[in-house]
Amino acid sequence: MSPLVPGSRSARRVRRTVAAGVPLAALAALAVAGTATGAPSHHGGSAEVTGSATLGDIPLAGFSNSLLKGTVADDRGVDLGGIGSDIYPAGRKGEFWTVTDRGPNGQIKIDGTKRRTFPVPGFDPAIVKIRVTGDQVKVLDAIPITTSSGRAVTGLSNQESRDEKPYTYDAKTPLTYNANGLDTEGIVRAADGSFWLVDEYGPSLVHVSPRGKVLTRYVPKGLHLKGADYPVVEALPSVFLNRKVNRGFEGLALLPNGDLVLALQSPLSLPDGAAGDASRNTRLVRFSPKKQAVTAEYAYRFDAVDVVDPGEDDTSELKISSVVALGGDRLLVEERTDKAARLQEVRLTRGANILGDEWDDATTSPSLEQLDDPAAAGVPVLKKRLVVDLNTVDGVQDKIEGVAVIGHGTLALINDNDFGMTDGAEAFDANGRLVDSGIETRVTFVKLPKGAL
């Protein structure tokens, strides 16, 4: 019998039952060895975990300041984390590109209103190259994401009235908005060595040089982002201005022909937030780097939330976090909540393209998001085939945000540990130091049954 792993699917079922590159020498000095966290389980023809590794403790200030000197004066006891926003094979066996999100952040309720906190406001999102060696995840290299003039983009909110107002760790003092700020999520690496990222704020698609400089940020038409220290191009459909706060683009895939597919994490708030929260209809976008334009848009329908996560009844918990190119126009799409995930295969057919249809008009009533049966309304929803329900695989951690396909029928999964943060004032002690959640960043390998992909 497999041991129960904290944060794993099997452990959760038990709980429910009972209720510029980093100098390698510097990183070596900062890192603490990881521990083994996963164990295989055997289900005959079912998927099974074949290995797992953990990222050791790397103080965030040391990590950040080795990339851009002086960016973090006080990390408040936070270690490097959040690199599980996505995972992309780096070529050599066991090596991957990952990307952090905007950095440590949380929510604290003040006078009945939740405020978004940034305990380490100087943190700069980074592209992190890792190697899985035995039961350890080791950082090989890291690239800070910078503006045209080489400054940190930071992870701070962009625009007043559109994005959440940023506050200090205790939610008492407001911070300044930053038009350069990026909440980075999906990552792929192009043949020329440059990177493509997606961002939740715009939502946007971001082209980054091999050394991390933002070359172009593509945003929805009508965003009117002013003051950014890099080129901003309004190239995405304006309907995406209606993205839910903190639920912009999260998944990103690189197709064999060089096109990119961007996945919206959650349904748009059309015509309002309540409609978006109740909806199971989200969207994928196809972007041509050659044309620097969107060439297709697709409707994607989630399964019912209690199918994705048995016992969950809040539809707004449904998200897409990862999309992976499988060859041709096939994609692997991760539907998830914070506690469960299922991987679906879809094919991007020409007949499923809704770009420019009435569904791209924010005034269309009912909206795509309001349709209980989009197909019956004439919307060509992408057809799905379930590849694996990760909720049934012992040893898979919670909050999987990155998925990569390696070899024949093997997945590499990475979780977002939120930098060890939790929400609420209790996230920090009386001295303003992090009370760590104990959730670690883990890479887990899952072997699929023959023929699953």
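Residues numbered from 1 in each chain as written. Predicted model: local features only at pLDDT ≥ 70, side-chain atom pairs only at ≥ 80, totals over all residues. Heavy atoms only, no water.

1. Concerning the overall build of the protein chain
Consideration 1: Counting secondary structure elements, the protein chain contains five helices and 24 strands.
Consideration 2: A compact globule built from 453 residues would reach a C-alpha radius of gyration of about 22 Å, and the protein chain, at 21 Å, matches this within 12%.
Consideration 3: In terms of overall dimensions, the protein chain has C-alpha extents of about 60 × 55 × 50 Å along its principal axes.
Consideration 4: Expressed as a percentage of its 453 residues, the buried residues of the protein chain come to 58%.
Consideration 5: For the protein chain, the accessible surface area stands at approximately 17500 Å², while carbon and sulfur atoms represent 51% of it.
Consideration 6: Each charge class in the protein chain was averaged separately, 51 positive and 58 negative side chains, and the resulting centres sit 5 Å apart. (Helix = DSSP H or I, 4+ residues; strand = E, 2+ residues; numbered from the N terminus. Rg over C-alpha atoms; globule rule 2.2 N^0.38 Å. Buried < 20%, exposed > 50% of the residue type's maximum accessible area, 1.4 Å probe, protein only. Areas by Shrake-Rupley, 256 points an atom, 1.4 Å probe, with all protein chains shown as cover. Lys, Arg positive; Asp, Glu negative; His and termini not counted. Charge placed at Lys NZ, Arg CZ, Asp CG, Glu CD.)

2. Overview of empty space enclosed by the protein
Consideration 1: Within this model, the largest cavity holds a volume of roughly 40 Å³.
Consideration 2: As for the largest cavity, its lining consists of Gly 106, Gln 107, Ile 108, Thr 117, Tyr 169, Met 421, Thr 422, Asp 423, Gly 424, Ala 425, Ala 427 and Phe 428.
Consideration 3: Here the lining of the largest cavity takes three residues from strand 4 (residues 106–110), the largest share from any one element.
Consideration 4: Taken together, the residues of the lining of the largest cavity sort by class into six nonpolar, five polar and one charged. (1 Å grid on protein atoms, 1.4 Å probe; cavity = no way out; pocket = protein on both sides within 12 Å on 5 of 7 lines; lining within 4 Å. Points joined across faces, edges and corners; volume = space filled by probe spheres on them. Nonpolar A, V, L, I, M, F, W, Y, C, P; charged D, E, K, R; others polar.)

3. Let's talk about the side chain of Asn 415
Consideration 1: The topology assignment puts Asn 415 in strand 23 (residues 410–415).
Consideration 2: Looking at Asn 415, its side chain comes within polar contact range of the main-chain oxygen of Glu 440, at 3.0 Å.
Consideration 3: For Asn 415, the side chain forms a polar contact with the main-chain nitrogen of Arg 442, separated by 2.7 Å. (Polar contact = N/O pair within 3.5 Å; in protein donor to acceptor, adjacent residues only side chain to side chain.)

4. Looking at the sheet that holds strand 19 (residues 330–336)
Consideration 1: If you walk across this open sheet you meet the four strands as 18-19-20-21, and the pairing is antiparallel. On the outer flanks of this sheet lie strand 18 (319–327) and strand 21 (384–389), each paired with one strand and no other. Recorded for the sheet is a direction-independent mean angle of 25 degrees between the axes of neighbouring strands.
Consideration 2: Sheet analysis places strand 18 next to strand 19, joined by six bridges and oriented antiparallel. Bridge pairing in strand 19 places Ala 325 opposite Leu 331. (Pairing = 2+ DSSP bridges. Axes fitted to C-alpha atoms, helices over the stretch in contact; angles between N-to-C directions.)

5. Remarks on the sheet that holds strand 23
Consideration 1: One open sheet accounts for eight strands, arranged 2-3-6-7-1-24-23-22; its pairing is mixed. Whereas interior strands pair on both sides, the edge strands pair on one side only; in this sheet they are strand 2 (87–89) and strand 22 (400–406). Averaged over all adjacent pairs, the angle separating strand axes in this sheet is 30 degrees, with direction ignored.
Consideration 2: Direction of pairing for strand 1 (residues 48–55) relative to strand 7 (residues 136–144): parallel, over a ladder of two bridges. Within the sheet, the bridge partner assigned to Leu 55 lies in strand 7 and is Val 137.

6. Remarks on the pairing of strand 7
Consideration 1: With seven of nine residues buried, strand 7 is to be regarded as a mostly interior element.
Consideration 2: Sheet analysis places strand 6 (residues 126–133) next to strand 7, joined by eight bridges and oriented antiparallel. In the strand pairing of strand 7, Val 128 is matched with Ala 142.
Consideration 3: Linkage of strand 6 to strand 7, two consecutive antiparallel strands, is achieved through a turn of two residues, within which Gly 134 is found at a positive phi near 60 degrees.

7. Quick notes on the layout of surface pockets
Consideration 1: Quantified by volume, the second largest pocket comes out at close to 230 Å³.
Consideration 2: Per-element accounting of the lining of the second largest pocket gives the leading share, four residues, to strand 18.

8. Here we look at the confidence of the model for the protein chain
Predicted coordinates in regions of low pLDDT should not be interpreted in detail.
Consideration 1: On average, the protein chain scores 92 in pLDDT, and the residues at 70 or more come to 90%.
Consideration 2: Ignoring residues within four places in sequence, the model shows residues 1–6, a span with pLDDT below 50, making 13 contacts including any to other chains.
Consideration 3: Contacts from residues 10–44, a stretch scored under 50 in pLDDT, to residues over four places away or in other chains number 80 contacts. (pLDDT = per-residue confidence, 0-100. Contact = heavy atoms within 4.5 Å.)

9. Looking at the packing of aromatic side chains
Consideration 1: Counting across every chain of the model gives nine aromatic pairs.
Consideration 2: Here the aromatic rings of Trp 97 and Phe 195 are separated by 4.9 Å at their centres, their planes lie at 75 degrees, and the arrangement is edge-to-face. Remark: Phe 195 occurs in strand 10 (residues 195–199) and Trp 97 occurs in strand 3 (residues 95–99); sequence separation between them is 98 residues.
Consideration 3: When its relative accessible area of 6% is taken as the criterion, Trp 97 is described as buried. (Phe/Tyr/Trp six-rings, centres within 6.5 Å; stacked < 30°, edge-to-face > 60°.)

10. Quick notes on the nonpolar core
Consideration 1: Of all hydrophobic cores here, the largest spans 32 residues; its most connected members are Leu 60, Phe 63, Leu 80, Val 128 and Val 443.
Consideration 2: Secondary structure elements with two or more residues in this core: strand 1, helix 3 (60–67), strand 6, strand 7, strand 23 and strand 24 (442–447). (Core = buried A, V, L, I, M, F, W, Y, C linked by side-chain atoms within 4.5 Å.)

11. Looking at unusual backbone geometry
Consideration 1: Residue Pro 203 follows Gly 202 across a cis peptide bond; omega there is -5 degrees.
Consideration 2: Mapped onto the secondary structure, Pro 203 falls in the loop between strand 10 and strand 11 (204–208).
Consideration 3: Looking along the chain, the bond that leaves Leu 270 and enters Pro 271 is cis, with omega of 0 degrees.
Consideration 4: If you trace the backbone, Pro 271 turns up in the loop between strand 15 (260–264) and helix 4 (273–278).
Consideration 5: Of note in this structure, Lys 399 is not a glycine but carries a positive phi near 50 degrees.
Consideration 6: Overall, Lys 399 belongs to the buried group, its relative accessible area being 16%.
Consideration 7: Here the phi dihedral of Asp 418 falls at roughly 55 degrees; this positive angle occurs in a residue that is not glycine.
Consideration 8: Its location among the elements puts Asp 418 in the loop between strand 23 and strand 24.

12. Describing the pairing of strand 4
Consideration 1: Across five bridges, strand 4 lies against strand 5 (residues 113–117) in antiparallel orientation. Following the sheet pairing, Gly 106 is matched in strand 5 by Thr 117.
Consideration 2: Here strand 4 hands over to strand 5 after two residues, with Asp 111 in that stretch at a positive phi of 50 degrees.

13. Details of the pattern of salt bridges
Consideration 1: Scanning the model with the defined rule gives 29 salt bridges in all.
Consideration 2: Notably, a salt bridge pairs Asp 75 with Arg 433, separated by 3.8 Å at the nearest N-O pair. Taken together, the positions of Asp 75 in the loop between helix 3 and strand 2 and Arg 433 in the loop between strand 23 and strand 24 put the pair 358 residues apart, joining distant regions of the chain.
Consideration 3: The exposure class assigned to Asp 75 is buried, which follows from its relative accessible area of 10%. (Salt bridge = Lys/Arg side-chain N within 4 Å of Asp/Glu carboxyl O.)

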